[in-house]
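Below, each chain spelled out in residue letters.
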Amino acid sequence: MSAPLLPGHPHIHYANDQLHVEGCSLDALSLSHGTPLFVYSKASMLDALAAYQRGFAGRNARICYAIKANSSLAILQVFAAAGCGFDIVSEGELARVLAAGADASKVIFSGVGKTRAEMAQALRVGIGCFNVESEAEIDVLNEVALSTGTRAAISIRVNPNVDPKTHPYISTGLKGNKFGIAHERTLVTYQRAAALPGLQVVGIDCHIGSQITQDTPYLDAMDRMLDLVESIEAAGIPIHHIDFGGGLGINYNGDTPPAADALWNKLLAKLDARGFGQRQLMIEPGRSLVGNAGVCVTEVLYMKPGEQKNFCIVDAAMNDLPRPAMYQAFHTIVPVQQAASPSASSEVYDVVGPVCESGDWIGHDRALQVQAGDKLAVLSAGAYCMSMSSNYNSRPKAAEILVDGTQSHLIRQRDSFADQIRGEKLL
Ligand SMILES: *Cc1c(COP(=O)(O)O)cnc(C)c1O
């Protein structure tokens with residue numbers, strides 16, 4: 001008996017009333033590894049990547065996974081083995097991709113606040129490109145490159161000033177954002193960079209926001225980018241690659257983002273029409289490669305009925321799943337065992353964690369038929385959950401499992417107390 005698939009989660013399904021990720025039962029995994037437990041589907045990640053690869057078939061394109069979405073080593077290893085490059089934002093992320101077997105020349109380094117030490121290390125290992133975000137950074141990178149006897153390949157991140165129509169905290173391509181160089185300053189900034197001996201201009205990039213669910217912001221940003229490429233090249237500075245960033249959304253709560261291949265069919269038609277179809281293209285997807293590949297399994301600790309609200313207190317919290325507290329984000333929550341508690345009546349609950357903050361909630365007003373001891377699965381937990389998790393309230397970071405068919409691999413063990421206090425010293 002196999003229930004219908006959950007929409008947007010093709011490798012997460014019920015079989016004999018038990019929720020499975022691919023061929024592995026979440027109840028069985030959580031019995032062996034405890035809760036809260038992140039479980040990822042390798043097939044789901046590779047399917048998401050394949051949609052981009054289909055979209056770019058026959059093109060000169062590189063897919064650089066933006067690792068801040070989920071930077072666990074085994075996940076990086078899956079994408080490195082599949083031929084991806086990586087988009088990184090810190091020296092720590094650089095060390096991670098190298099530890100996972102990435103080819104340094106396929107790494108691009110984004111971020112508004114790169115330190116000199118980070119630049120020097122990235123030059124030493126030979127990354128492919130720095131995505132530079134300010135005029136001040138251009139000068140510093142030039143100095144660092146000259147002092148290390150190298151030339152830094154750069155792309156300038158431009159701010160195309162389009163509204164991605166997403167949450168304000170994850171919108172990055174509008175004038176009031178801290179990211180990128182203003183549209184109007186682009187040409188002079190390129191001229192300045194092209195004149196510096198420590199730099200070699202190779203590309204242009206943008207990244208307009210995250211959880212984008214419409215085509216239009218991408219199409220608009222592309223037009224603005226191509227206008228800029230034309231004016232920069234007219235000034236005698238060749239642009240070898242165009243990088244359109246990441247940002248494609250996923251289905252959290254009935255969201256209907258375009259499929260990656262459908263979106264790229266439209267974008268490539270525009271590139272072809274404007275004569276840029278044979279340029280080297282780059283993209284930096286994060287969430288859309290891993291978001292719906294992961295779930296977080298949590299156990300119900302207590303039911304706490306109240307006059308105004310009923311609370312369902314679970315053992316996962318804002319330190320494991322920070323998106324609701326940070327962005328009022330929605331995660332679907334489903335039972336690991338369907339109809340686990342036929343005696344419990346279905347009620348509406350706020351699903352909350354044990355952390356001492358009112359912001360520690362995972363879902364508001366959810367109809368659930370649960371009792372203490374049941375397990376729940378928080379869906380769409382593959383992106384910006386574990387990578388944003390913390391030890392707040394001295395809670396251990398959760399364990400992570402990567403499922404590949406009927407095989408499951410522990411890819412991160414749960415923090416021990418020793419892990420948590422490593423580096424701390426008593427007086
Ligand atoms: C975060 C980020 C990405 C990835 O964004 P997603 O929404 O996860 O696809 C790509 N590029 C840059 C520069 C970023 O900061």
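Here the structure is a predicted model, which is why all the values come from computation and not from measurement.

1. Observations concerning the packing of aromatic side chains
Okay, step 1: Under the defined criterion, the tally for this structure stands at six aromatic pairs.
Okay, step 2: Where Tyr 65 meets Phe 86, the ring centres are 6.4 Å apart and the plane angle is 70 degrees; that geometry is what we call edge-to-face. Remark: Phe 86 occurs in strand E6 (residues 85-88) and Tyr 65 occurs in strand E5 (residues 61-66); sequence separation between them is 21 residues. The exposure classification of Tyr 65 matches that of Phe 86, with both residues buried.

2. With respect to the domain arrangement of the protein chain
Okay, step 1: Here the domain parsing of the protein chain yields domain 1 (12-41 + 291-421) and domain 2 (110-285).
Okay, step 2: The C-alpha-based centres of domain 1 and domain 2 are spaced at 36 Å.
Okay, step 3: Contacts between the two partners involve nine residues from domain 1, matched on the other side by seven residues from domain 2.
Okay, step 4: Buried area between domain 1 and domain 2, summed over both chains or domains, comes out near 770 Å², and the portion from carbon and sulfur atoms is 54%.
Okay, step 5: When the buried surface of domain 1 facing domain 2 is broken down by residue, Asn 292, Tyr 327 and Phe 330 rank first, second and third, together holding 54% of it.
Okay, step 6: In this assembly, domain 1 and domain 2 are joined by zero salt bridges.
Okay, step 7: Summed over the shared surface of domain 1 and domain 2, the result is three residue pairs in polar contact (both at pLDDT 80 or more).

3. Examining the packing of helix H8 (residues 216-234) against helix H9 (residues 260-273)
Okay, step 1: At a minimum axis separation of 10 Å, H8 and H9 run at an interaxial angle of 25 degrees. Here H8 is positioned roughly parallel relative to H9, judged by the angle of their axes. Between H8 and H9 lies a crossing of right-handed hand. Across the interface between the two elements, Tyr 218, Leu 219, Met 222, Asp 223 and Leu 226 from H8 touch Leu 263, Trp 264, Lys 266, Leu 267, Lys 270 and Leu 271 from H9.

4. Section: unusual backbone geometry
Okay, step 1: With an omega of -10 degrees, the peptide bond between Thr 35 and Pro 36 qualifies as cis.
Okay, step 2: By secondary structure assignment, the location of Pro 36 is in the loop between helix H1 (26-33) and strand E4 (37-41).
Okay, step 3: Here the phi dihedral of Asp 17 falls at roughly 65 degrees; this positive angle occurs in a residue that is not glycine.
Okay, step 4: Position of Asp 17 relative to the elements: it lies in the loop between strand E1 (12-15) and strand E2 (18-21).
Okay, step 5: Here Asp 17 falls in the partly exposed class, since its relative accessible area comes to 29%.
Okay, step 6: In the Ramachandran plot, Asn 393 falls in the positive-phi region, its phi being about 65 degrees despite a non-glycine side chain.
Okay, step 7: Structurally, the position occupied by Asn 393 is in the loop between strand E19 (375-378) and strand E20 (399-404).
Okay, step 8: Classification of Asn 393 as partly exposed rests on a relative accessible area of 33%.

5. Structural notes on the site of the ligand
Okay, step 1: Near the ligand, the surroundings consist of 14 residues, among which Lys 68, Ser 210, Glu 284, Arg 287 and Tyr 384 are the closest.
Okay, step 2: Residue Gly 247 places a main-chain N or O atom 2.8 Å away from an oxygen atom belonging to the ligand.
Okay, step 3: Here Gly 286 contributes a backbone N or O atom positioned 2.9 Å from an oxygen atom of the ligand.
Okay, step 4: Protein contacts shield 94% of the accessible area of the ligand, which totals 390 Å² for the unbound molecule.

6. Let's talk about the pattern of salt bridges
Pairing between side chains becomes possible if they bear opposite charge and their charged atoms approach one another.
Okay, step 1: Counted according to the given criterion, the structure contains 21 salt bridges.
Okay, step 2: Asp 419 serves as the salt-bridge partner of Arg 422, at 3.4 Å between the closest nitrogen and oxygen.
Okay, step 3: Judged by relative accessible area, Arg 422 falls into the exposed class, the value being 63%.
Okay, step 4: Overall, the relative accessible area of 29% leaves Asp 419 in the partly exposed class.
Okay, step 5: The network of salt bridges with common partners includes Asp 223, Asp 227, Glu 230, Lys 270 and Arg 274.

7. Observations regarding the sheet that holds E2
Okay, step 1: The strand order across the open sheet formed by three strands is E1-E2-E3, and the pairing between neighbours is antiparallel. The sheet is open, and its two edges are formed by E1 and strand E3 (24-25), each paired on a single side.
Okay, step 2: Pairing of E1 with E2, which is carried by four bridges, proceeds in the antiparallel orientation. Within E2, the position partnered with Ala 15 by the bridge is Gln 18.

8. Some thoughts on the pairing of strand E13 (residues 280-283)
Okay, step 1: Here three bridges tie E5 to E13, and the two strands are oriented parallel to one another. In the strand pairing of E13, Ala 61 is matched with Leu 281.
Okay, step 2: Where strand E12 (residues 241-243) meets E13, three bridges bridge the pair, whose relative direction is parallel. Looking across to E13, one finds that His 241 is bridged to Gln 280.
Okay, step 3: Where the polypeptide runs from E12 across H9 and back to E13, its parallel neighbour, the crossover connection is right-handed.

The rules behind the values
Residues numbered from 1 in each chain as written. Predicted model: local features only at pLDDT ≥ 70, side-chain atom pairs only at ≥ 80, totals over all residues. Heavy atoms only, no water. Phe/Tyr/Trp six-rings, centres within 6.5 Å; stacked < 30°, edge-to-face > 60°. Helix = DSSP H or I, 4+ residues; strand = E, 2+ residues; numbered from the N terminus. Buried < 20%, exposed > 50% of the residue type's maximum accessible area, 1.4 Å probe, protein only. Domains from an automatic or database assignment. Contact = heavy atoms within 4.5 Å. Buried area = accessible area lost by both parts, 1.4 Å probe. Salt bridge = Lys/Arg side-chain N within 4 Å of Asp/Glu carboxyl O. Polar contact = N/O pair within 3.5 Å; in protein donor to acceptor, adjacent residues only side chain to side chain. Axes fitted to C-alpha atoms, helices over the stretch in contact; angles between N-to-C directions. Parallel < 35°, antiparallel > 145°, perpendicular 65-115°, else oblique. Left-handed = near helix turned anticlockwise from the far one by under 90°. Near = heavy atom within 4 Å. Areas by Shrake-Rupley, 256 points an atom, 1.4 Å probe, with all protein chains shown as cover. Pairing = 2+ DSSP bridges. Right-handed = clockwise from strand over helix to strand, strands pointing away.

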